[in-house]
Structures are given as C-alpha cells and as structure tokens.
Amino acid sequence: DQQVKQNSPSLSVQEGRISILNCDYTNSMFDYFLWYKKYPAEGPTFLISISSIKDKNEDGRFTVFLNKSAKHLSLHIVPSQPGDSAVYFCAARRGSTLGRLYFGRGTQLTVWP
Amino acid sequence: SQTIHQWPATLVQPVGSPLSLECTVEGTSNPNLYWYRQAAGRGLQLLFYSVGIGQISSEVPQNLSASRPQDRQFILSSKKLLLSDSGFYLCAWSAVEGTQYFGPGTRLTVL
C-alpha cells in the first residue's frame, strides 16, 4: 500500500523556469514531510522539510508547500538549473514511528538549457 | 560532523552465494539505522531498521537479514542470494525521530 505517491515519473523544464514536483499522501497521521534529491549511483541527499504545523518552508531556490486538507505537498525550484536534474523523492513520517520514513517512487527532473 | 560509510561500492555475486554489506556511522551516538533497496526503476524500499544494538525490525519478509553488532555498525546479510536481490542498497542514519541521512550506496548485481 503506497501511502506516499508521486504520480509523475518524470518532468522536463527549461533552465531558468520553475520546476514544480508534486506529492500526495493518504495517511492523515503524517506530521513531517521531506524532499530528497538523488543522482544516479549515489545516496539520496536531504533537501528540505516541512512540519505539518506549517504550510510553507523556504530554503534558497527551494520552497515546499503543504496543503493538509488536500493531503498534498509540492516542491518548487526557482530558477531551475541543469544541475538540478536528478530524481526527487518525497517522504513522510509519523511522529510515533521512531523515524521511519515512507517514500514515494520518485520523479525524474530534467532541466534543459 | 557525522559521516556514513558503506562498502563495498559495487559487488557482483553469483546466485546462491552469501552476502555481507557493511555500514558504519561516525560522529554520532545511538543513531537509528536503516537499510533500503532501490530496484531498477523503483522507489526506495525499507528493508530493516534498528533503534539500538541487537534491535532489528524487518519491514519485508525476504531472503535478507540484518544485524547491529555495535552502536554505529549495521550489516546486511544473506545466506544464499537470488537474482531478485539485485539492486542498489542504501544505508541511512538518523537521530531519534530526525531527518535521515544516506550513505553512498552499494550496487549489487546477482548473476
């Protein structure tokens, strides 16, 4: 049962424009959400997170938005750069589960010049 | 600062052979430790996690096992590899209920 879903397996964006990666979840008990970025043959690296008490968190070019009523979050990258080309994973956590994360299947972002 | 190591980086093994992948963490004490697998074209599948020495929780029944002989050491093992065990294996650590940080991964090919 996939509790975190990334329905777009791929996204292609021109350099300089906005990239919007989407994520939906089904478990209303999730209280913390994270985005990871992964290059081929490397481990995922943590990008940005958001607590369920917030609806927005910003870090440089990366902003995560959380819509709890819709059980939806999104990652905005502005402006997109070719080096952002990677697989992006959305993850969610319930506070009672000792740090266990539930991951989506990932979205491959390609930023072209 | 904390660092996480995995070895080997790549491994090619015949079907039926044993497996041992090692993960160590530096710069922190009593971390939560995790083993994930990423099969080709798939997401991250949690295999095992550990909240302390000798404490292992298994997420998916399978051909693999995990052990935590020391506080910052996590080992993934198999007695007999299957073709379906091929994939990219990732170790991660977190402080209690914190963000997970991943190692560089091991590419396992079973022939």
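Residues numbered from 1 in each chain as written. Chains lettered and ligands numbered in written order. Predicted model: local features only at pLDDT ≥ 70, side-chain atom pairs only at ≥ 80, totals over all residues. Heavy atoms only, no water.

Enquirer: What is the right way to read the environment of Ser17(B) from this model?
Expert: Residue and element names in this part refer to chain B. Here Ser-17 lies in the loop between β2 (10-13) and β3 (19-26). Along the backbone, Ser-17 and Leu-64 are 47 residues apart, and their C-alpha atoms lie at a distance of 12 Å. Beyond its immediate chain neighbours, meaning those up to four positions away, Ser-17 contacts Lys-79, Lys-80 and Leu-81. At a separation of 3.4 Å, a polar atom in the side chain of Ser-17 contacts the side chain of Gln-13. (Helix = DSSP H or I, 4+ residues; strand = E, 2+ residues; numbered from the N terminus. Contact = heavy atoms within 4.5 Å. Polar contact = N/O pair within 3.5 Å; in protein donor to acceptor, adjacent residues only side chain to side chain.)

Enquirer: Help me understand the sheet that holds strand β7 (residues 62-67) of chain A in this model?
Expert: Backbone hydrogen bonds hold the strands of a sheet together, and the pairing may be parallel or antiparallel. Residue and element names in this part refer to chain A. Strand order in the open sheet made by the 5 strands is β1-β3-β8-β7-β6, with antiparallel pairing throughout. The open sheet has two edge strands with one neighbour each: β1 (4-5) and β6 (56-59). Bridge count for β7 against strand β8 (residues 72-77) is 6 bridges, and the pairing is antiparallel. Counterpart to Asn-67 in the pairing with β8 is His-72. (Pairing = 2+ DSSP bridges.)

Enquirer: I tried to follow the state of the cysteines on my own but got confused; where do I start?
Expert: What we call a disulfide is simply a covalent bond connecting the sulfur atoms of a pair of cysteines. Residue and element names in this part refer to chain A. Enumeration according to the criterion identifies 2 disulfides over all chains in this entry. A disulfide bridge connects Cys-23 with Cys-90, and the sulfur atoms are separated by 2.0 Å. Note on the Cys-23 and Cys-90 pair: the S-S dihedral is about -75°, so by sign convention the disulfide is left-handed. Of this pair, Cys-23 sits in strand β3 (residues 19-25) while Cys-90 sits in strand β9 (residues 86-93), and the two are 67 residues apart along the sequence. Just as Cys-23 is buried, Cys-90 falls in that class too. (Disulfide = S-S within 2.5 Å. Buried < 20%, exposed > 50% of the residue type's maximum accessible area, 1.4 Å probe, protein only.)

Enquirer: Looking at this structure, I do not really get the pairing of strand β5 (residues 45-51) of chain A. What am I missing?
Expert: Two faces make up the sheet, and in a regular strand the side chains alternate between them. All names here are of chain A. Note: strand β4 (residues 32-38) against β5, 6 bridges, orientation antiparallel. From the neighbouring strand, Lys-37 faces β5, where its bridge partner is Thr-45. Counted along the chain from β4 to the antiparallel partner β5, the turn is 6 residues long, and its residue Ala-41 has a positive phi close to 60°.

Enquirer: Is there a simple way to think about unusual backbone geometry in this case?
Expert: Glycine aside, negative phi is the norm for most residues, and most peptide bonds take the trans geometry. The omega torsion across Val78(A) and Pro79(A) is -15°, close enough to zero to call that bond cis. For Pro79(A), the location among the structural elements is in the loop between β8 and β9. At the junction of Trp7(B) and Pro8(B), the peptide bond is cis and its omega measures out at 0° in the coordinates. If you trace the backbone, Pro8(B) turns up in the loop between β1 (3-7) and β2. Phi is positive for Ala41(A), which is not a glycine, with a value near 60°.

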